[in-house]
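Here is what each chain is made of, one letter per residue.
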Amino acid sequence: MTLDDELDRLFNARDRSNMQPTIDALLPIHASHPKNARVLYEVGGAYDTAGQEATAQGFYEKALAAGLEGDLLRRCYVQYGSTLRNVGDHEKSLEVFAAARKKFPESAALGVFEAITFHAAGRSNEAIASLLDLTADFVRTPDIDRYKPAINGNAAYIRSL
């Protein structure tokens with residue numbers, strides 16, 4: 001079994017309500033592969049899911065420095081930005097989301113979690129405006145398409161308040 005196969009197996013078998021067995025299974029893998037970007041990311045994610053954001057933060061930072069790529073990088077940005085928000089570092093969280101959205105403009109999830117951080121940072125108008133922009137950009141229905149200019153206009157207005 002490859003390392004990726006083993007990580008996939010552990011991820012698929014996890015119990016989100018009891019992450020300790022997953023953490024316990026990941027730690028020996030981390031000890032064997034301490035600089036592997038995916039291992040660092042998965043360990044961080046396990047701690048994050050367990051509610052241990054301060055520990056997760058360090059693993060996410062190491063995973064990013066180790067060179068995550070592609071979808072794993074996008075997912076790490078979502079989780080790292082959210083972790084920063086949860087530990088109260090709203091400005092750094094917003095910096096992470098802004099950089100991530102430049103790399104992954106097609107990711108609605110990054111925009112949604114960025115909006116949550118705007119709200120947590122007391123920037124409710126920016127949060128609402130961001131969600132309106134996301135709706136106009138990512139929701140494809142005849143109703144939304146018809147009113148897209150109005151939705152974007154309202155987003156700009158709310159953002160200006």
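Residues numbered from 1 in each chain as written. Predicted model: local features only at pLDDT ≥ 70, side-chain atom pairs only at ≥ 80, totals over all residues. Heavy atoms only, no water.

Participant: How would you sum up the overall build of the protein chain? Please name residues and give values.
Facilitator: Broken down by element type, the protein chain carries nine helices and zero strands. Reading the secondary structure of the protein chain in the N-to-C direction produces α-α-α-α-α-α-α-α-α. When burial is assessed residue by residue, the protein chain has 37% of its 161 residues classed as buried. Taking contacts inside the protein chain between residues at least 6 apart in sequence as the whole, the part at least 24 apart equals 47%. Here the protein chain displays about 8,600 Å² of accessible surface, and carbon together with sulfur accounts for 54% of that area. (Helix = DSSP H or I, 4+ residues; strand = E, 2+ residues; numbered from the N terminus. Buried < 20%, exposed > 50% of the residue type's maximum accessible area, 1.4 Å probe, protein only. Contact = heavy atoms within 4.5 Å. Areas by Shrake-Rupley, 256 points an atom, 1.4 Å probe, with all protein chains shown as cover.)

Participant: Give me the lowdown on the packing of helix α5 (residues 70–86) against helix α7 (residues 108–120), citing residues and values where you can.
Facilitator: The geometry of α5 relative to α7 is characterised by a closest axis approach of 10 Å and an angle of 10° between their N-to-C directions. On the basis of the axis angle, α5 is roughly parallel to α7. The residues of α7 that touch α5, namely those facing Arg74, Tyr77, Val78, Gly81, Ser82 and Arg85, are Ala109, Leu110, Phe113, Ile116, Thr117 and Ala120. When the residues that make up the contact of α5 with α7 are grouped by side-chain class, the tally is seven nonpolar, three polar and two charged. (Axes fitted to C-alpha atoms, helices over the stretch in contact; angles between N-to-C directions. Parallel < 35°, antiparallel > 145°, perpendicular 65-115°, else oblique. Nonpolar A, V, L, I, M, F, W, Y, C, P; charged D, E, K, R; others polar.)

Participant: Describe the packing of aromatic side chains, naming the residues involved and giving the relevant values.
Facilitator: Following the criterion strictly, the structure yields four aromatic pairs and no others. Here Tyr77 and Phe104 contribute two aromatic rings whose centre-to-centre distance is 6.4 Å and whose plane-to-plane angle is 65°, an arrangement assigned as edge-to-face. On the criterion of sequence distance, the pair formed by Tyr77 in helix α5 and Phe104 in the loop between α6 (90–103) and α7 is long-range, its members being 27 residues apart. Judged by relative accessible area, Tyr77 falls into the buried class, the value being 10%. In this structure an aromatic cluster arises from ring pairing among Tyr41, Tyr60 and Tyr80. Across from the ring centre of Phe59, 5.7 Å away, lies the NZ or CZ of Lys62, which sits over that ring. (Phe/Tyr/Trp six-rings, centres within 6.5 Å; stacked < 30°, edge-to-face > 60°. Lys NZ or Arg CZ within 6 Å of the ring centre and 35° of its normal.)

Participant: Outline the nonpolar core, supporting the account with residue identities and numerical values.
Facilitator: In terms of nonpolar packing, the biggest core is built from 29 residues, with Leu68, Tyr77 and Leu110 touching the most fellow members. By residue number, the principal contributor to this core is helix α3 (residues 37–49), which donates seven residues. Excluding its chain neighbours within four sequence positions, the residues that come into contact with Tyr77 are Leu64, Val96, Phe97, Ala100, Lys103, Phe104 and Leu110. (Core = buried A, V, L, I, M, F, W, Y, C linked by side-chain atoms within 4.5 Å.)

Participant: Which residues make up the packing of α3 against helix α4 (residues 53–65), and what are the values?
Facilitator: Where α3 meets α4, the closest approach of the two axes is 8 Å, and the angle between their N-to-C directions is 165°. The orientation of α3 with respect to α4, classified from their angle, is roughly antiparallel. For α3 against α4, the interelement crossing comes out left-handed. Along the contact surface, α3 presents Ala37, Leu40, Tyr41, Val43, Gly44, Gly45, Tyr47 and Asp48, while α4 presents Glu53, Thr55, Ala56, Phe59, Tyr60, Lys62 and Ala63. (Left-handed = near helix turned anticlockwise from the far one by under 90°.)

Participant: Now, about helix α8 (residues 124–138): what can you tell me, with residues and values included?
Facilitator: Quick reminder: α-helices carry 3.6 residues per turn. Residues three or four places apart thus point the same way. Its 15 residues place the ends of α8 21 Å apart at the C-alpha level, agreeing with the 21 Å of an ideal helix rising 1.5 Å per residue. Buried within α8 are the following residues: Glu126, Ala127, Ala129, Ser130, Leu134 and Ala136. The inward-facing, buried residues of α8 contact α6, α7 and α9 (142–160). (Expected span 1.5 Å × (residues − 1).)

Participant: Tell me what's going on with the environment of Asn125, and back it up with residues and numbers.
Facilitator: Mapped onto the elements, Asn125 comes out in helix α8. Between the alpha carbons of Asn125 and Ser32 there is a distance of 47 Å; along the sequence they are 93 residues apart.

Participant: Could you give an account of the environment of Ala127, with specific residues and numbers?
Facilitator: Here Ala127 lies in helix α8. Ala127 sits 13 residues away from Glu114 along the chain, and the two C-alpha atoms are 7.9 Å apart. Every residue in contact with Ala127, bar those within four places of it in the chain, is listed here: Ala115, Phe118 and His119.

Read these as spatial facts, not as claims about activity.
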